[in-house]
Amino acid sequence: MSTCATVSRDLDEPISGTAATATTWLLLEQPGPWGAKALTSSHLDPALGRALETAATETGVRIALIRRPGRHADPAPSRIRQVYAAHTVPGNAWLHSATTTDPRDLLGLDFAALGAGDPHSFGSALGGRAHTGDPLALVCTNGKRDRCCALLGRPLAAELAASGVDGAWEVTHLGGHRFSPTVLVLPYGYAYGRVGAHTVKEILQGVQEGRVVVEGCRGGSAWERPGQAAELAVRTATREYATDALSVVRTDGGAPRWEVTVAHTDGRHWRVIVAQGASLPPRPESCGASVLGAPARMDVVSVRELATALSN
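Rules behind the numbers
Residues numbered from 1 in each chain as written. Predicted model: local features only at pLDDT ≥ 70, side-chain atom pairs only at ≥ 80, totals over all residues. Heavy atoms only, no water. 1 Å grid on protein atoms, 1.4 Å probe; cavity = no way out; pocket = protein on both sides within 12 Å on 5 of 7 lines; lining within 4 Å. Points joined across faces, edges and corners; volume = space filled by probe spheres on them. Helix = DSSP H or I, 4+ residues; strand = E, 2+ residues; numbered from the N terminus. Nonpolar A, V, L, I, M, F, W, Y, C, P; charged D, E, K, R; others polar. Expected span 1.5 Å × (residues − 1). Buried < 20%, exposed > 50% of the residue type's maximum accessible area, 1.4 Å probe, protein only. Contact = heavy atoms within 4.5 Å. pLDDT = per-residue confidence, 0-100. Arc of directions from axis to C-beta. Pairing = 2+ DSSP bridges. Axes fitted to C-alpha atoms, helices over the stretch in contact; angles between N-to-C directions.

**Regarding the layout of surface pockets**
If you roll a probe as big as a water molecule over the atoms, it shows you where there is empty space left.
Here is step 1: Of the volumes computed, that of the largest pocket is approximately 410 Å³.
Here is step 2: Every element with two or more residues in the lining of the largest pocket is listed here: α1 (46-56) and β3 (61-67).
Here is step 3: Of all the elements, β3 adds the most residues to the lining of the largest pocket, at five residues.
Here is step 4: Of the residues in the lining of the largest pocket, the class split is nine nonpolar, five polar and four charged.
Here is step 5: If you add up the space inside the second largest pocket, you get close to 190 Å³.
Here is step 6: Lining the second largest pocket, in full, are Ala93, Trp94, Leu95, His131, Gly133, Asp134, Pro135, Pro187, Tyr188, Val207 and Gln208.
Here is step 7: Going through the elements one at a time, β5 (94-100) and α5 (197-208) are the ones with two or more residues in the lining of the second largest pocket.
Here is step 8: Residue classes in the lining of the second largest pocket are distributed as seven nonpolar, three polar and one charged.

Below is the structure:
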């Protein structure tokens, strides 16, 4: 049995344990402006937005709107729209794409199956199939949610697109706007903060090679926050960067302290102690905040390799 001690890390840095959580992402192209709650405050029919939110509740599916970088004119409703679905759980990560002229087609999806990693309804309802292009780099630019995202995210998205990154899209709120510009990379679902275009290109190259870039990483969306921090801590301690190598198989306890079990595909297991703290000294939690706060952080207290493999 070996023990790896780790240094507690303040999540006011763009690191582990602060990414949005979702086993599956469903992305719908919606040109035009977005409000703070984009599904019901954009040019998408708000009734449809509410119906999609309801359909996705407690399924593991998170719905986001996307648009191409640049000016946000909203053309005629009949415009062909891009749709993506991405499952982010290691060992079954996939990215499928489709197009539609009627966003109401998304109501034909089996959201519970999508959340569980089954893409069949994406094919039957939308004619979707496995995506064969580049991985996606989704840059949060939802300025109505927090102006940091517009001020810092839009220039990054534009630079990526101008430099030939075909998978670059603007996306609605990802969370963690104090780390702007923030980027979600699919299909593996790792989020990054305070990144530049060069770093994003390195991250996308890593995706194509089947490895995770941990610098600037805020966690994988397949796990809750303690699991995000624990998985990245094991990657850092063991220098294991293969995308499908590690999984969070168990989380015990509750705020402010968890014991997280991380498993390797080769049978090794680690027990990771994660503690929730507050980032000090107080600071604004977003660009628009006038009141100082103490954002939550996840501190990895220890990483201990277990002597024998645990069963789930």
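Resuming the write-up.
**Here's the deal with α5**
Here is step 1: With twelve residues, α5 ought to run about 16 Å at 1.5 Å a step, and its terminal C-alpha atoms sit 17 Å apart, in line with that.
Here is step 2: The complete set of buried residues in α5 reads Ala197, Val200, Ile203, Leu204, Gly206 and Val207.
Here is step 3: In this fold, the buried residues of α5 make contact with β7 (136-140), α4 (147-162), β9 (182-186) and β10 (190-193).
Here is step 4: Following α5 by one or two positions, Gly210 adopts a phi angle in the positive range, close to 75°.

**Section: the confidence of the model for the protein chain**
Here is step 1: This prediction gives the protein chain a mean pLDDT of 88; 84% of its residues lie at or above 70.
Here is step 2: For residues 1-14, every residue scores under 50 in pLDDT, and the model assigns this stretch 49 contacts once sequence neighbours within four places are set aside.

**What about empty space enclosed by the protein?**
Here is step 1: Scanning all chains against the criterion turns up four cavities of 30 Å³ or more.
Here is step 2: Lining the largest cavity, in full, are Val185, Tyr188, Gly189, Tyr190, Tyr192, Ile203, Val207, Arg211, Val212, Val213 and Thr243.
Here is step 3: Of all the elements in the fold, those that place two or more residues in the lining of the largest cavity are β10 and α5.
Here is step 4: Of the residues in the lining of the largest cavity, the class split is eight nonpolar, two polar and one charged.

**Thoughts on α1**
Here is step 1: Taken residue by residue, α1 has Leu48, Gly49, Leu52 and Ala56 as its buried positions. One side of α1 holds all its buried residues, which, seen down the axis, span an arc of 100°.
Here is step 2: For α1, the elements touching its buried residues are β3 and α2 (111-115).

**Overview of the pairing of strand β13 (residues 257-264)**
Here is step 1: Within β13, six of the eight residues are buried, which leaves it mostly tucked inside the rest of the structure.
Here is step 2: Pairing of strand β12 (residues 246-254) with β13, which is carried by eight bridges, proceeds in the antiparallel orientation. Paired with Thr251 across the two strands is Val260, which belongs to β13.
Here is step 3: Here β12 folds back onto β13, and the loop between the two strands holds two residues.
Here is step 4: The pairing of β13 with strand β14 (residues 269-278) spans seven bridges and is antiparallel. Looking at the pairing, Arg257 lines up with Ala275 of β14.
Here is step 5: Turn length for the β13-β14 hairpin, with the two strands adjacent in sequence and antiparallel, is four residues, and the turn residue Gly267 shows positive phi of about 105°.

**Section: the sheet that holds β3**
Here is step 1: Judged by pairing direction, the sheet is mixed, and its ten strands sit side by side in the order β6-β5-β4-β2-β3-β8-β7-β9-β10-β11 without closing on themselves. In this open sheet, the two edge strands, each paired with only one partner strand, are β6 (129-130) and β11 (217-220).
Here is step 2: Where β7 meets strand β8 (residues 168-171), four bridges bridge the pair, whose relative direction is parallel. Across the sheet, Cys140 pairs through a bridge with Val171, a residue of β8.
Here is step 3: The sheet contacts of α4 involve β7, β8 and β9, and relative to β7 the element is tilted by about 155°.

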